Amino acid sequence: MATVSFAARDSRTMLRRNLKKALRYPSLTLTVVIMPLMMLLLFNYAFGTALGTGISQLPTGSGDYIDYLAPGIILMAATSGALTTAISVCVDKTEGIVNRFRTMPISQASFLTGHVVGSVIQTMTSIALVIGVALLMGFRPNATPVDWLAAVGLLALLTFALTWVCAGIGLVAKTVESASNIPMPLTFLPFLGSAIVPTDSMPTGLRWFAEYQPFTPIIETLRGLWLGTEIGSSAVIALAWCVGLALVGYVWARRTFKAGAKR
């Protein structure tokens, strides 16, 4: 019990450290928020009329493309936010602070826990901002409070999973530049799913990839929770992907961190 309390105390200290760094140097967080906001504005106002024509998955026949687009871009905010973890972990590693922490009488798990929890808080704040902008642009979900809670919970679980994966990337990256570039495909993978247009409008090969990649069932689940469209088996698949990514990322990051301590 004392060991758990010791680890929790050190994790809170590391979390406070990372949140203070984020407040002191907000440029990285702002950059990550700006990307999904720009995509939301671009696709809705520049391409919305052309892309939204003929989409039958709009709720109650509203015909508003923002209703179809917003869930995918909100998910993109989650994928973009995970990049900050890879960069911040790599910065600590390359600057030598990780080696310093290893010589101190603190819980070794607290370093990664502080980064992950801090990144989840920052990313969920960014997601709230993107949702707010989408609402101002005309996004009109008809979800109940329970649906909203489920949607936010799914986004939090996805953010948690991707953050652990990116923490592992930050530990193996040799430079900060590579730490920012390696996770970049995660940011744009939703575009190869159902974020912008339905998968049935894509060529056969791309449609197969879009339907079986992890972000499509998550987007469809969010769309169903917020807008009342058909979810089907997407919710179960989405949860399976999130839990699987979280477990893989956690195990990988912890083993990589421990391996670095032995060298």
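Just so you know, these numbers come straight off a predicted model, no measurement behind them.

1. As for the overall build of the chain
Helix and strand content of the chain: 13 helices and zero strands. If you list the helices and strands of the chain from N to C, you get α-α-α-α-α-α-α-α-α-α-α-α-α. Of the roughly 12600 Å² that the chain leaves accessible, carbon and sulfur atoms contribute 68%.

2. Comments concerning a nonpolar patch on the surface
On the surface, Leu 30, Ile 34, Met 38, Leu 41 and Tyr 45 cluster together into a nonpolar patch covering about 520 Å² of accessible area. Here Leu 41 lies in helix α2 (residues 27-46).

3. Looking at the confidence of the model for the chain
Here the chain averages 84 in pLDDT, while 88% of its residues score no lower than 70. Looking over the chain, one finds the lowest element-wise mean pLDDT in helix α3 (residues 48-52), namely 69, and the highest in helix α8 (residues 145-172), namely 94.

4. Comments concerning the nonpolar core
Side chains that are nonpolar tend, in soluble globular proteins, to be buried together. With 46 residues, the main nonpolar core has Ile 73, Ile 74, Ile 218 and Trp 226 as its most contacted residues. Of all the elements, helix α4 (residues 65-81) adds the most residues to this core, at eleven residues. Those residues in contact with Ile 218 that lie beyond four places of it in its chain are Leu 75, Leu 154, Leu 158, Ala 238 and Cys 242. Grouped together as the second largest cluster of nonpolar side chains are 13 residues, Phe 111, Val 116, Val 120 and Ala 167 included.

5. Considering helix α7 (residues 109-136)
For α7, with 28 residues, the first-to-last C-alpha span of 41 Å sits near the 40 Å given by 1.5 Å per residue. One or two positions beyond α7, positive phi appears at Gly 138, with a value near 115°.

6. Topic: the environment of Phe 188
Along the chain, Phe 188 turns up in helix α10 (residues 184-188). Residue classification places Phe 188 among the partly exposed positions, given a relative accessible area of 34%. Separated by 112 residues in sequence, Phe 188 and Met 76 place their C-alpha atoms 7.6 Å apart.

7. Quick word on the packing of aromatic side chains
Under the definition given, this model contains nine aromatic pairs. One aromatic cluster in this structure is built from Phe 43, Phe 188 and Phe 191. Just above the ring of Tyr 68 sits the side chain of Arg 223; from NZ or CZ to the centre is 3.7 Å.

8. Concerning the pattern of salt bridges
Across all of its chains, the model carries one salt bridge by this definition. One salt bridge connects Glu 220 with Arg 223, and the closest N-O pair in it is separated by 2.8 Å. Separated by three residues within a single helix, Glu 220 and Arg 223 lie in helix α12 (residues 215-227), roughly one turn from each other.

9. Structural notes on α4
Here α4 contains 17 residues, and its C-alpha end-to-end distance of 25 Å stays within 8% of the 24 Å for a straight helix at 1.5 Å per residue. Counting buried positions along α4 yields 17 of 17 residues, so the element is predominantly enclosed.

Rules and cut-offs
Residues numbered from 1 in each chain as written. Predicted model: local features only at pLDDT ≥ 70, side-chain atom pairs only at ≥ 80, totals over all residues. Heavy atoms only, no water. Helix = DSSP H or I, 4+ residues; strand = E, 2+ residues; numbered from the N terminus. Areas by Shrake-Rupley, 256 points an atom, 1.4 Å probe, with all protein chains shown as cover. Patch = residues over 30% accessible without salt bridge, like charges linked within 9 Å, V, L, I, M, F, W, Y side chains within 5 Å. Salt bridge = Lys/Arg side-chain N within 4 Å of Asp/Glu carboxyl O. pLDDT = per-residue confidence, 0-100. Core = buried A, V, L, I, M, F, W, Y, C linked by side-chain atoms within 4.5 Å. Buried < 20%, exposed > 50% of the residue type's maximum accessible area, 1.4 Å probe, protein only. Contact = heavy atoms within 4.5 Å. Expected span 1.5 Å × (residues − 1). Phe/Tyr/Trp six-rings, centres within 6.5 Å; stacked < 30°, edge-to-face > 60°. Lys NZ or Arg CZ within 6 Å of the ring centre and 35° of its normal.

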